[in-house]
Amino acid sequence: LVRGTALSDIGLTDAPFLLYVGSRAHYKNFAAMITAYGRWKGSRDVRLVVVGPDWTLDELNSIEDLGIEDRVDLLSIVDDDTLCVLYNHALAFVYPSLYEGFGIPLLEAMACGCPVIASKIDTAVEVAGDCPIYFDLEHNDSMIAAFDVAMNEGRKSPRTRRGIQHAGKFSWDKCARGTLEVYRSLV
């Protein structure tokens, strides 16, 4: 378990980084993201921090083939406080999924004032509204362009401020109350 309240506590420097959190199953589109990151000119100055399970052999080979092994960090398991530190320091959170059920990481990132780069899928648009920097899954260079937008806008953009406000509309309490209301309406 990785724990820390500062980047140095978890073995990271203050260098800017993109953040990816979660599973890297096929539908998460991690392979496309790592390829886009490897092709992005900004990757020379911006690291990629990945939170999730250990690398697969295919992922390690892709990272090596792209020549980015010195710019990619993996944190296998982090606690919630450390995840919050990462969201609060990341240049942007990247959410490249092909499809999703909901999108809690989108809300977590936005609540921390972290810019979000997301594939323009129905779930992301429904959950995050107009706050993310969206990219088109049909165009490979669209994700790279989104990286550039995030780098240029930074963390203090109007989009990020909207994200903080938007994320505030969601809570576990509201979810529980809504679920209870549905159950009561069925009785």
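The structure we're discussing is the one just above.
Now for a look at the structure at hand. If you're wondering where the values come from, they're calculated on a predicted model, not measured in any experiment.

## With respect to the sheet that holds strand S5 (residues 116–119)
The strands making up a sheet are joined through hydrogen bonds of the backbone, oriented either antiparallel or parallel. Strand order in the open sheet formed by six strands is S3-S2-S1-S4-S5-S6, with parallel pairing between adjacent strands. Strands with a single pairing partner mark the edges of an open sheet, and in this sheet they are strand S3 (72–75) and strand S6 (133–135). Shown here is a sheet whose adjacent strand axes are inclined to one another by a mean of 25 degrees, direction ignored. Two elements, strand S2 (residues 47–51) and S3, share four bridges in a ladder whose sense is parallel.

## Some words on the packing of aromatic side chains
Within the structure shown, the criterion is met by seven aromatic pairs. Judged by centre distance (5.6 Å) and plane angle (75 degrees), the ring pair of Tyr-87 and Phe-93 falls under edge-to-face. Across the pair, Phe-93 and Tyr-87 agree in class, each one buried. Taken together, the aromatic side chains of Tyr-20, Phe-30 and Trp-55 make up a single cluster linked through ring pairs. Sitting over the face of the ring of Phe-30, Arg-24 holds its NZ or CZ atom 5.5 Å from the ring centroid.

## Topic: the environment of Gly-129
Along the chain, Gly-129 falls in the loop between helix H5 (122–128) and S6. Taking the relative accessible area as the measure of exposure, Gly-129 reaches 23% and is therefore partly exposed. Distance from Gly-129 to Val-50, taken between C-alpha atoms, is 25 Å for residues 79 residues apart in sequence. Dropping the residues within four chain positions of it, Gly-129 is found in contact with Ala-124, Tyr-134 and His-166.

## Quick word on the side chain of Ser-43
Mapping Ser-43 onto the fold places it in the loop between helix H1 (30–39) and S2. Look at Ser-43 and you get buried, because its relative accessible area is 1%. What Ser-43 contacts, discounting residues up to four positions off in sequence, is Tyr-37, Gly-38 and Arg-71.

## Regarding the nonpolar core
Among the nonpolar cores identified, the biggest contains 31 residues, and Leu-19, Leu-75, Leu-86, Tyr-87, Phe-93 and Leu-106 are the most heavily contacted of them. If you list the elements that add at least two residues to this core, you get strand S1 (17–21), S2, helix H3 (80–89), strand S4 (92–95), helix H4 (104–111), S5 and H5. Phe-30, Ile-63, Ile-117 and Phe-135 belong to the second-largest nonpolar core, a separate cluster that totals 25 residues.

Rules of the game
Residues numbered from 1 in each chain as written. Predicted model: local features only at pLDDT ≥ 70, side-chain atom pairs only at ≥ 80, totals over all residues. Heavy atoms only, no water. Pairing = 2+ DSSP bridges. Helix = DSSP H or I, 4+ residues; strand = E, 2+ residues; numbered from the N terminus. Axes fitted to C-alpha atoms, helices over the stretch in contact; angles between N-to-C directions. Phe/Tyr/Trp six-rings, centres within 6.5 Å; stacked < 30°, edge-to-face > 60°. Buried < 20%, exposed > 50% of the residue type's maximum accessible area, 1.4 Å probe, protein only. Lys NZ or Arg CZ within 6 Å of the ring centre and 35° of its normal. Contact = heavy atoms within 4.5 Å. Core = buried A, V, L, I, M, F, W, Y, C linked by side-chain atoms within 4.5 Å.

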